[in-house]
Each structure stands twice: as C-alpha cells, then as structure tokens.
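Each chain is listed here by its residues.
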Amino acid sequence: MCTAATYKTKDFYMGRTLDYEFSYGEQIAITPRNYEFDFRFAGKIKSHYALIGMAFVAEGYPLYYDAVNEKGLGMAGLNFVGNAAYEEALPEDETEVSQVAQFEFIPWILTQCATVAEAREKLATMRLTGTAFSEQLPTAQLHWIIADKDSCIVVESMKDGLHVYDNPVGVLTNNPPFLSQMFALNNYAGVSRKQPESTFAGVLQLDAYSRGMGGMGIPGDLSSQSRFVKVAFTKLNSISGEEEDESVSQFFHILGSVDQQRGCCEVTEGKYEITIYTSCCNTAKGIYYYTTYDNHQITAVDMHAENLDSDQLICYPLLSKGKVRWQNK
Ligand SMILES: C[C@H](CCC(=O)NCCS(=O)(=O)O)[C@H]1CC[C@H]2[C@@H]3CC[C@@H]4C[C@H](O)CC[C@]4(C)[C@H]3C[C@H](O)[C@]12C
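Just so it is clear, the structure is predicted and the values come from calculations on it, not from any experiment. (Residues numbered from 1 in each chain as written. Predicted model: local features only at pLDDT ≥ 70, side-chain atom pairs only at ≥ 80, totals over all residues. Heavy atoms only, no water.)

Trainee: Looking at this structure, I do not really get empty space enclosed by the protein. What am I missing?
Mentor: Picture a little ball the size of a water molecule; that probe, rolled over the atoms, points out where space is still empty. On inspection of all chains with the given rule, the structure shows one cavity of 30 Å³ or more. Considering only enclosed or pocket space, the largest cavity measures out at about 50 Å³ in volume. The set of elements that each furnish at least two residues to the lining of the largest cavity consists of β2 (12-20), β7 (61-69), β8 (74-79) and β17 (274-282). (1 Å grid on protein atoms, 1.4 Å probe; cavity = no way out; pocket = protein on both sides within 12 Å on 5 of 7 lines; lining within 4 Å. Points joined across faces, edges and corners; volume = space filled by probe spheres on them. Helix = DSSP H or I, 4+ residues; strand = E, 2+ residues; numbered from the N terminus.)

Right, here's the structure in full:
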C-alpha cells in the first residue's frame, strides 16, 4: 500500500509513503536537463525539464516511483493491482499517437509538461503500454496522481481505457479505483474536527467525555480505502504556519496519519509491510525531503544545488539509519 498527498501553504508540497515488505534499493535521483531519454517507442528527448525524485536506477535509467520537475509539476505511481490494464504496443505505422511504456510514464510527462493542463494535453494523445522494462523488472500495476499548485488529477489505465479524473482532495492510495474511493467519503459526512453535539436521540444526554470525538468513525486500519479516508480528513483539516519548516513538518504529520508499523500487516508468513520511506517535495524549490522507517530525521536533497545542465544522473542513496540525539551525555 502507499499513500500520496498534496499540501499547500505559501509553496506547494507533494509526497507519498511507500509501503512494502522489501525495498528495491531506491535512491534520490536527479535527472538533469541534458540526460538523454531514449523512449521505447516515442523517440529520444535530449533536452528537457530537470527532475528530482525517488527512483530505482537500472542500467543507468531512473525508474521513478515519484518525482517533481523544475516547473513545479509532480507525479507519483501507486499500486493498483488487479485494476491496472495497459495497451498492447502497436507497430509504429499503425498508430498516430505516442506510445509510452508504463515505466516511462513519469519521465514522459515531467520532462515535457510544466502544468497539469499541459499533462492533460499529453494524456489525450498517448497510449500507455504494458511493456516491461526488462525480464527482471516486469510491468508494475500502478495508477498515478499528477499535481501542480493549482490542480490535481488521477490517471487510471483500465480494461475500458485511460481515465483521467479531477482529484479535489489531493490524495491517492491504492484499490479500489479512484471514483469509488471518493464515493466512500460520503459515509463520513458527519465527522468533524469539532466536538459532536448529542443528537443520538432526544431522551439521551450523551457526554463528550474526551477531546477528538468529532472524528469518531474515521477508520484506523491499514486498508487502502481506510487510509484514503483517514489521510483526506487529516489533510483537509490541517493547519500549519506558512514557513518552510512548519509546512514540511506538518506534511510529514499528514502522511504520518497512515504510517505502517512493522507487525500490523502480514503479507505472507513472517513478511510484514512497513512504510519504507515517506517523501515531501517542495515543488517550487525542487527540494526532496524524506524520512525512512528507521530514520525519522527529515533529510533533504536540493536539485538546485546540482548542475542541472549536465547530462549525467545524480544519485543520493537513502540515509536509512537514524541517530538518537542525546541531551545529557
Ligand atoms: C511496490 C511499489 C508499490 C508499493 C505498494 O503500493 N505496495 C502495496 C501493495 S498493495 O497495493 O497493497 O497490493 C511500486 C511503486 C512504484 C513501482 C516501481 C515503478 C518503476 C518501475 C516500473 C517497472 O515496471 C517495474 C519496476 C519499478 C522500479 C516499480 C517497482 C514497484 O512496482 C514500485 C516500487
């Protein structure tokens, strides 16, 4: 399971949790403007917007899980198992539109589009194919959230075609499909950040004996539908200062509401899904902040501290061990 969210204060932030039972060995990868992308079907792009994000680098190619570009457009891929269905690649002379393999989707959009509006135009003229990166890295069943400071969409490639939905809450988890996730919010119309009134029945005077009772009914389990509701409630009620530190801190608290602790979700005998990393990108400044399961210290990589005119990938391995800050020794 994974959860993605957006958050706006003075700047616009976007990030995700990556929940899984093992790690591929992902890194923070900066793709500078002149790194040549050689797309499987769509040709080469030699010069483009620079990207920063989390990627597994295979044969020198950044397989992005989530990234933002220097224009402030961001995108993340989340599992969509059982529902994702991609097109078969057609011979070049049989299609007018660009064919993009699912593993190329993030670079295809983020190297060329500055806004969600531009991404929508690209989506209108493309086929997303199920082409695998390699035998060892088969096709991943994903759906995607794409956002800039003004709008947010979800892209789902299913048996009945490519769907593009407006995402008014700015969150995404996994199954079921996005429209069902949104519909489920109707079940929680009564929850509130405020204390409840006693409306159970006229004859009963019920006591609001604890703070936080307005949110009673919001699910707390780790299923993707439950995380969708929980993180939507947390995000939409979030209040923080506008400054960078305050915004970033609040963002990690938003995604912290759906953090997965080792032991609570067994996927196979003795294997547990955990939140491997949590990210938060300041999309305006090109800064990638992250924490890992054992490193709670927010760590940051700034794309603008690098030579973005280069043609070579720049990678930073995750700092995955935290340190206790001792105060008395
Ligand atoms: C496993 C992750 C989703 C975690 C998740 O959601 N776990 C809950 C399961 S569940 O929802 O509860 O069932 C997903 C998210 C992004 C993916 C990579 C995208 C690039 C690349 C695409 C290639 O084609 C295959 C290799 C590749 C590196 C992918 C590996 C893997 O697939 C990644 C990491």
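Trainee: Teacher, can you tell me more about the confidence of the model for the protein here?
Mentor: It should be kept in mind that the predicted coordinates are not to be read in detail where pLDDT is low. The share of residues in the protein with pLDDT of 70 or more is 100%, and the mean pLDDT across the chain is 97. Reported confidence for the predicted complex is 0.95 by ipTM and 0.97 by pTM. (pLDDT = per-residue confidence, 0-100.)

Trainee: Would you mind showing me how to read the sheet that holds strand β14 (residues 171-172) here?
Mentor: Backbone-to-backbone hydrogen bonds join strands into a sheet, with any given pair of strands oriented parallel or antiparallel. Read across the sheet, six strands follow the order β14-β1-β2-β17-β18-β19 without closing on themselves; strand pairing throughout is antiparallel. The sheet is open, and its two borders are formed by β14 and β19 (295-302), each paired with just one other strand. The pairing of β17 with strand β18 (residues 287-292) spans six bridges and is classified as antiparallel. Its bridge partner lying in β18, Cys-280 is registered against Tyr-289. (Pairing = 2+ DSSP bridges.)

Trainee: Looking at this model, I keep getting lost on the layout of surface pockets. Mind explaining?
Mentor: Approximately 680 Å³ is the volume found for the largest pocket. What lines the largest pocket is a set of 32 residues, and nearest its centre among them are Tyr-24, Tyr-65, Asn-79, Ala-140 and Leu-142. In terms of residues, the lining of the largest pocket owes the most to one element, β2, which gives four residues. Its residues assigned to classes, the lining of the largest pocket comprises 22 nonpolar, seven polar and three charged. (Nonpolar A, V, L, I, M, F, W, Y, C, P; charged D, E, K, R; others polar.)

Trainee: Can you help me understand the UniProt feature "domain: Choloylglycine hydrolase/NAAA C-terminal" (unreviewed entry) in the protein in this one?
Mentor: The sites that UniProt annotates as "domain: Choloylglycine hydrolase/NAAA C-terminal" (unreviewed entry) are residues 2-316. In residues 2-316, the share of helix is 15% and the share of strand is 35%. The end C-alpha atoms are 22 Å apart. (UniProt positions renumbered as here; feature names shortened; annotations may be inferred.)

Trainee: Before we go on, may I ask you to explain the nonpolar core in this structure?
Mentor: Nonpolar side chains in soluble globular proteins tend to end up buried together. Ranked by size, the top nonpolar core spans 50 residues in total, and within it Ile-28, Ile-52, Ile-145 and Tyr-288 carry the most contacts. Not counting residues within four places of it along the chain, the set of residues in contact with Tyr-288 comprises Ile-28, Ile-52, Gly-53, Met-54, Asp-66, Tyr-277, Ser-279, Cys-280, Cys-281, Thr-299, Ala-300 and Val-301. In this structure, Met-75, Phe-80, Tyr-86 and Leu-137 belong to the second largest nonpolar core, which totals 39 residues. (Core = buried A, V, L, I, M, F, W, Y, C linked by side-chain atoms within 4.5 Å. Buried < 20%, exposed > 50% of the residue type's maximum accessible area, 1.4 Å probe, protein only. Contact = heavy atoms within 4.5 Å.)

Trainee: What am I meant to see in the sheet that holds β8 here?
Mentor: Here eight strands make up an open sheet; going across it, the order is β13-β12-β11-β8-β7-β6-β3-β20 and the pairing antiparallel. For this open sheet the edge positions go to β13 (161-166) and β20 (314-317), each flanked by a neighbour on one side alone. When strand polarity is set aside, the average angle formed by the axes of neighbouring strands in this sheet is 30 degrees. Where strand β11 (residues 142-147) lies against strand β12 (residues 152-158), four bridges are found, and the strand directions are antiparallel. Pairing of Ala-147 across the sheet is with Cys-152, part of β12. (Axes fitted to C-alpha atoms, helices over the stretch in contact; angles between N-to-C directions.)

Trainee: Could you clarify how one ought to interpret helix α4 (residues 224-236) in this entry?
Mentor: For an α-helix the count is 3.6 residues per turn, leaving residues at separations of three or four pointing the same way. The end-to-end C-alpha separation of α4 is 18 Å, in line with the 18 Å expected for 13 residues at 1.5 Å each. Taken together, the buried positions of α4 are occupied by Ser-224, Ser-226, Arg-227, Phe-228, Val-229, Val-231, Ala-232 and Lys-235. On its buried face, α4 sits against β1 (2-8), β2, β14, α3 (178-184) and α5 (244-256). (Expected span 1.5 Å × (residues − 1).)

Trainee: Before we go on, may I ask you to explain the environment of Asn-174 in this structure?
Mentor: By the secondary structure assignment, Asn-174 is in the loop between β14 and α3. Judged by its relative accessible area of 5%, Asn-174 is buried. Asn-174 sits 114 residues away from Tyr-288 along the chain, and the two C-alpha atoms are 23 Å apart. Among the polar contacts made by the side chain of Asn-174, one reaches the side chain of Arg-227 at a distance of 3.1 Å. (Polar contact = N/O pair within 3.5 Å; in protein donor to acceptor, adjacent residues only side chain to side chain.)

Trainee: It is not clear to me how a nonpolar patch on the surface should be interpreted in this structure. Could you clarify?
Mentor: There is a patch of nonpolar side chains on the surface, built from Phe-200, Val-203, Leu-204 and Leu-206 and spanning about 460 Å² of accessible area. The topology assignment puts Leu-204 in the loop between α3 and α4. (Patch = residues over 30% accessible without salt bridge, like charges linked within 9 Å, V, L, I, M, F, W, Y side chains within 5 Å. Areas by Shrake-Rupley, 256 points an atom, 1.4 Å probe, with all protein chains shown as cover. Salt bridge = Lys/Arg side-chain N within 4 Å of Asp/Glu carboxyl O.)

Trainee: For this particular structure, what's the right way to read the environment of Gly-215?
Mentor: Relative to the helices and strands, Gly-215 resides in the loop between α3 and α4. Using a relative accessible area of 18% as the deciding quantity, one classes Gly-215 as buried. Spatially, the C-alpha atoms of Gly-215 and Ala-232 are 12 Å apart, while their sequence positions differ by 17 residues. Sequence-distant contacts of Gly-215, that is, excluding residues within four places in its chain, are made with Val-191 and Ser-192.

Trainee: Is there a simple way to explain the pattern of salt bridges in this structure?
Mentor: This model, assessed by the stated rule, comprises eleven salt bridges. Taking the shortest distance from any N to any O, the salt bridge between Arg-16 and Asp-66 comes out at 2.9 Å. Residue Arg-16 is located in strand β2, and its partner Asp-66 is located in strand β7; the two are separated by 50 residues in the primary sequence. For the pair formed by Arg-16 and Asp-66, the shared burial category is buried. Residue Asp-166 is joined to Arg-120 by a salt bridge in which the shortest nitrogen-to-oxygen separation is 2.6 Å. Separated by 46 residues along the polypeptide, Asp-166 in strand β13 and Arg-120 in helix α2 (residues 116-124) bring together distant segments of the chain. Arg-120 sits in the partly exposed class, given a relative accessible area of 34%.

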